[in-house]
Amino acid sequence: MTEAFHALGITDVWQLIAATMVFLMLPGPGTFCVLTSTAKHGLRGGYASLAGLMAGDAALMFLAAIGVAALLQANPLLFRGMQYLGAAYLAWLGFKLLTAKEEEGGTAVPFSNAADFRRGFLVTLINPKAIVFYMAFFPLFIEPATHRGALTFLTMGATISACTLFYGSLLVIAGNAAAQRLARNRCIANYASKAAGVFLIGFGIKLTTN
């Protein structure tokens, strides 16, 4: 398998997978977005949010590949504006969790496919640093002598997406199991939701201060 990826211009696919998994395991707004959607709407909500994250990642990888990262780095005001936009959206999501009323036992939470997908997509897409990250990440695993242009980027993107789906599925499954246990204790579930809101606001603030 390594030889096949090398022929496509990727130096070491296993290092690419390992680096991607380490990056995914770092807690971020996407992680809490998936876990929150899973807690509210079960497996379907979690996977809808995960699909949104993956769609957002695909868009950012495309933008990085065509050089938008260079544009952002060359225009600090544009970059800063996108950071504040991302921070505001994360803070808004966190505020909604903090101010949400405690749900009554036995009340069904309606599944909202579009809403969960949209949250996952926007949480990823509005983070301009992710574009810069991909711009710096891709060259680490590209072999100039065998590089195939768009095909190489597509292969790397597909590999990263496969890793995201695997790790995201673990989050959704584990989050759903935890949510079912928390559902038996509304007080704990309410505190967990508030904690997720605090984390989202914190990530929003961190986005503008790094």
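Since this is a predicted model, take the numbers as computed values, not measurements. (Residues numbered from 1 in each chain as written. Predicted model: local features only at pLDDT ≥ 70, side-chain atom pairs only at ≥ 80, totals over all residues. Heavy atoms only, no water.)

Caption draft 1: The arrangement of the nonpolar core in detail. Judged by nonpolar contacts, the single largest core of 16 residues is most densely connected at Tyr134, Phe138 and Met156. Of all the secondary-structure elements, those providing two or more residues to this core are helix H2 (13–25), helix H3 (29–65), helix H7 (128–137) and helix H8 (150–182). It is H7 that contributes the most residues to this core, four residues altogether. For tyrosine 134, the residues in contact, after removing those within four places along its chain, are Asp57, Leu60, Met61, Ala64, Pro139 and Ile160. (Core = buried A, V, L, I, M, F, W, Y, C linked by side-chain atoms within 4.5 Å. Buried < 20%, exposed > 50% of the residue type's maximum accessible area, 1.4 Å probe, protein only. Helix = DSSP H or I, 4+ residues; strand = E, 2+ residues; numbered from the N terminus. Contact = heavy atoms within 4.5 Å.)

Caption draft 2: Structural view of the pattern of salt bridges. Under the defined criterion, the tally for this structure stands at one salt bridge. Notably, a salt bridge pairs arginine 119 with aspartate 116, separated by 2.9 Å at the nearest N-O pair. In this pair, arginine 119 and aspartate 116 both sit in helix H6 (residues 113–125), three residues apart, roughly one turn of the helix. Residue arginine 119 is classed as partly exposed on the basis of its relative accessible area of 24%. (Salt bridge = Lys/Arg side-chain N within 4 Å of Asp/Glu carboxyl O.)

Caption draft 3: Spatial organisation of H2. The end-to-end C-alpha distance of H2 is 18 Å, a good match for the 18 Å that 13 residues give at a rise of 1.5 Å each. When H2 is considered as a whole, its buried residues turn out to be Val13, Leu16, Thr20, Met21 and Leu24. Looking straight down H2, one finds its buried side chains confined to an arc of 130°; they lie on one side. For H2, the exposed residues set more than 90 degrees away from the buried face come down to Trp14 and Val22. Sitting at the head of H2, aspartate 12 places a side-chain oxygen 3.0 Å from the backbone nitrogen of tryptophan 14. (Expected span 1.5 Å × (residues − 1). Arc of directions from axis to C-beta. Polar contact = N/O pair within 3.5 Å; in protein donor to acceptor, adjacent residues only side chain to side chain.)

Caption draft 4: Structural view of the environment of threonine 159. Mapped onto the elements, threonine 159 comes out in helix H8. Since its relative accessible area comes to 10%, threonine 159 is described here as buried. Taking the C-alpha atoms as reference points, threonine 159 and threonine 20, separated by 139 residues in sequence, lie 9.0 Å from one another.

Caption draft 5: Inspection of the environment of isoleucine 66 at higher detail. Note that isoleucine 66 resides in the loop between H3 and helix H4 (68–74). Take isoleucine 66: its relative accessible area is 52%, and that puts it in the exposed class. The spatial distance from the C-alpha of isoleucine 66 to the C-alpha of alanine 150 is 9.8 Å, given a sequence separation of 84 residues.

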